[in-house]
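Each chain, letter by letter, is given below.
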Amino acid sequence: MSVALIAHDEKKADLIEFATEHSAILEHYDLIATGTTGKKLMEATGLDIERKASGPLGGDMQIGAEVADGVCKAIIFLRDPLTAQPHEPDISALLRICDVHDIPLATNLASADAVLDGLTKDEN
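Residues numbered from 1 in each chain as written. Predicted model: local features only at pLDDT ≥ 70, side-chain atom pairs only at ≥ 80, totals over all residues. Heavy atoms only, no water.

## Quick word on the overall build of the protein
Inference 1: Helix and strand counts for the protein stand at six helices and five strands.
Inference 2: Reading the secondary structure of the protein in the N-to-C direction produces β-α-α-β-α-β-α-β-α-β-α.
Inference 3: Radius of gyration (C-alpha) of the protein: 13 Å, near the 14 Å computed for a compact globule of 124 residues.
Inference 4: Principal-axis analysis of the C-alpha atoms places the extent of the protein at approximately 40 × 30 × 25 Å.
Inference 5: Contacts in the protein between residues at least 24 apart in sequence constitute 69% of all its contacts with a sequence separation of at least 6.
Inference 6: Accessible area for the protein stands at about 6400 Å²; split by element, carbon and sulfur atoms hold 48% of it. (Helix = DSSP H or I, 4+ residues; strand = E, 2+ residues; numbered from the N terminus. Rg over C-alpha atoms; globule rule 2.2 N^0.38 Å. Contact = heavy atoms within 4.5 Å. Areas by Shrake-Rupley, 256 points an atom, 1.4 Å probe, with all protein chains shown as cover.)

## A short note on the pattern of salt bridges
Inference 1: In the structure shown here, the tally under the stated rule is four salt bridges.
Inference 2: One salt bridge connects Lys52 with Glu50, and the closest N-O pair in it is separated by 2.8 Å.
Inference 3: Take Glu50: its relative accessible area is 42%, and that puts it in the partly exposed class.
Inference 4: Of the charged contacts in the structure, one is a salt bridge between Arg79 and Glu88, with a shortest N-O distance of 3.7 Å.
Inference 5: With a relative accessible area of 26%, Arg79 lands in the partly exposed category.
Inference 6: When its relative accessible area of 30% is taken as the criterion, Glu88 is described as partly exposed.
Inference 7: Among the ionic contacts, a cluster of salt bridges with common partners joins Glu50, Lys52 and Glu66. (Salt bridge = Lys/Arg side-chain N within 4 Å of Asp/Glu carboxyl O. Buried < 20%, exposed > 50% of the residue type's maximum accessible area, 1.4 Å probe, protein only.)

## Here's the deal with unusual backbone geometry
Inference 1: One non-glycine residue, Asp102, lies in positive phi territory at about 55 degrees.
Inference 2: Within the fold, Asp102 resides in the loop between helix H5 (88-100) and strand E5 (105-106).

## Focus: H5
Inference 1: The first and last C-alpha atoms of H5 sit 18 Å apart over 13 residues, in line with the 18 Å expected at 1.5 Å per residue.
Inference 2: Restricting attention to buried positions, one finds in H5 the residues Ile91, Ala93, Leu94, Leu95 and Cys98.
Inference 3: Looking at the packing, one finds that the buried side of H5 touches strand E1 (2-7), helix H4 (59-68), strand E4 (72-78) and E5.
Inference 4: Directly beyond the C-terminal end of H5, a positive phi value near 55 degrees is found at Asp102. (Expected span 1.5 Å × (residues − 1).)

## Focus on the pairing of E4
Inference 1: Of all seven residues making up E4, six are buried, and the element is well covered by its neighbours.
Inference 2: For E1 and E4, the ladder comprises six bridges, and the chain directions are parallel. Note on E4: the bridge partner recorded for Val3 is Ala74.
Inference 3: Pairing between E4 and E5: two bridges, direction parallel. Opposite Ile76, over in E5, you have Ala106 as the bridge partner.
Inference 4: Regarding topology, H5 serves as the crossover connection from E4 to the parallel E5, and that connection is right-handed. (Pairing = 2+ DSSP bridges. Right-handed = clockwise from strand over helix to strand, strands pointing away.)

## A look at a negative patch on the surface
Inference 1: Together, Glu17, Glu21, Asp113 and Asp117 line one region of the surface with negative charge.
Inference 2: Listing elements by their share of the negative patch, those giving two or more residues are helix H1 (12-21) and helix H6 (109-123).
Inference 3: Along the polypeptide, Asp113 turns up in helix H6. (Patch = residues over 30% accessible without salt bridge, like charges linked within 9 Å, V, L, I, M, F, W, Y side chains within 5 Å. Lys, Arg positive; Asp, Glu negative; His and termini not counted. Charge placed at Lys NZ, Arg CZ, Asp CG, Glu CD.)

Shown next as structure tokens:
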């Protein structure tokens, strides 16, 4: 089962801290991430992560395709709600595909904790 990790620039440090704190759980999943986020996460945590393209270069769409194919079972996407993103249509499409396929999607740290709790309960 794949779990996607994505963060806007202003949220990358938060995602790294989250992944570090939850690495014992995350290492049990096939992790995928958008380009820069994946690189920074691997460097900081040592987790094995399959990197897709950067979000603005199609990485959000690549992860959306994995959702549509039934490969990605949850997404943690720490979004920066205060900054306009040039690839907002791609972000909206990713959020929509999660809704269509009933995939858990966390967009902040509180919901990220809830998604991981849900995944671990499903495993037991």
